[in-house]
Amino acid sequence: VIQIRPNAMNRLRELRSQQKTPDDVPLYLRMGVKSGGCSGMSYVMDFCADSDVTEDDVVDDYETVHCVVDPKSVLYLYGLELDYSSELIGGGFKFFNPNAEESCGCGSSFGI
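Below is a summary of the structure that appears in this document. (Residues numbered from 1 in each chain as written. Predicted model: local features only at pLDDT ≥ 70, side-chain atom pairs only at ≥ 80, totals over all residues. Heavy atoms only, no water.)

## Remarks on the sheet that holds strand β1 (residues 2-4)
Link 1 in the chain: An order of β1-β6-β7 is seen for the 3 strands of this open sheet, with the pairing classed as mixed. Each having just a single partner strand, β1 and β7 (92-96) make up the two edges of the open sheet. When strand polarity is set aside, the average angle formed by the axes of neighbouring strands in this sheet is 25 degrees.
Link 2 in the chain: Pairing of β1 with strand β6 (residues 80-85) involves 3 bridges; the strand directions are parallel. (Pairing = 2+ DSSP bridges. Helix = DSSP H or I, 4+ residues; strand = E, 2+ residues; numbered from the N terminus. Axes fitted to C-alpha atoms, helices over the stretch in contact; angles between N-to-C directions.)

## Details of the nonpolar core
Link 1 in the chain: Membership of the largest hydrophobic core comes to 21 residues, with the highest contact counts inside it found for I2, I4, M31, L77, L80 and L82.
Link 2 in the chain: When contributions to this core are tallied by element, the ones reaching two or more residues are β1, α1 (6-18), β2 (27-35), β3 (41-48), β5 (65-69), α2 (71-77) and β6.
Link 3 in the chain: It is β2 that provides the largest number of residues to this core, a total of 4 residues.
Link 4 in the chain: With near-sequence residues (within four places) excluded, M31 lies in contact with I2, V44, M45, C67, V68, V69, D70, L77, L80, L82 and F95. (Core = buried A, V, L, I, M, F, W, Y, C linked by side-chain atoms within 4.5 Å. Buried < 20%, exposed > 50% of the residue type's maximum accessible area, 1.4 Å probe, protein only. Contact = heavy atoms within 4.5 Å.)

## Quick notes on the pairing of β2
Link 1 in the chain: Pairing analysis gives 5 bridges linking β2 to β5, with the strands arranged parallel. By the bridge assignment, L29 is partnered in β5 with C67.

## A few points about the pattern of salt bridges
Link 1 in the chain: Considering all chains together, one arrives at 4 salt bridges under this definition.
Link 2 in the chain: A salt bridge links E14 to R11; its shortest N-O distance comes to 2.9 Å. Here E14 and its partner R11 are both found in helix α1, 3 residues apart, which amounts to about one turn of the helix.
Link 3 in the chain: For the salt bridge of D57 with R30, the shortest nitrogen-to-oxygen distance reads 2.7 Å. Here D57 is found in the loop between β3 and β4 (58-62), whereas its partner R30 is found in strand β2, with 27 residues between them in sequence.
Link 4 in the chain: Here D57 falls in the buried class, since its relative accessible area comes to 11%.
Link 5 in the chain: Within this structure, R5, E81 and D83 form a network of salt bridges that share partners. (Salt bridge = Lys/Arg side-chain N within 4 Å of Asp/Glu carboxyl O.)

## Some points on the layout of surface pockets
To find leftover empty space, one rolls a probe the size of a water molecule over the atoms.
Link 1 in the chain: Of the voids in this model, the second largest pocket is the one considered here, and its volume is about 150 Å³.
Link 2 in the chain: Lining the second largest pocket are R16, Q19, T21, V25, P26, L27, Y28, F47, C48, A49 and D50.
Link 3 in the chain: Elements with a contribution of two residues or more to the lining of the second largest pocket: β2 and β3.
Link 4 in the chain: Tallied by class, residues from the lining of the second largest pocket come to 7 nonpolar, 2 polar and 2 charged. (1 Å grid on protein atoms, 1.4 Å probe; cavity = no way out; pocket = protein on both sides within 12 Å on 5 of 7 lines; lining within 4 Å. Points joined across faces, edges and corners; volume = space filled by probe spheres on them. Nonpolar A, V, L, I, M, F, W, Y, C, P; charged D, E, K, R; others polar.)

Next up, the structure:
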């Protein structure tokens, strides 16, 4: 569903180490969309526990990260590429969504 580029994967590992989670505990990254933002819909992304994953969720495994997407969000996130930039201005996670017909300058919201 979602492709995680190497820079984003490295940043996710860094964030994991800051949480002091043991390396043998799987890392679950929940991604989705919600109404709001400059263009109508916003991306949401956070770590979750494996107990928060439901049987309806779509789970993709990437190296040491399990990416979890709820069924409603799959429609909007299918084919999305997640990247990370460490630039001083405009840095952070970057979302490249082939389904978005428009997106705002901040890069965290989109419209369909």
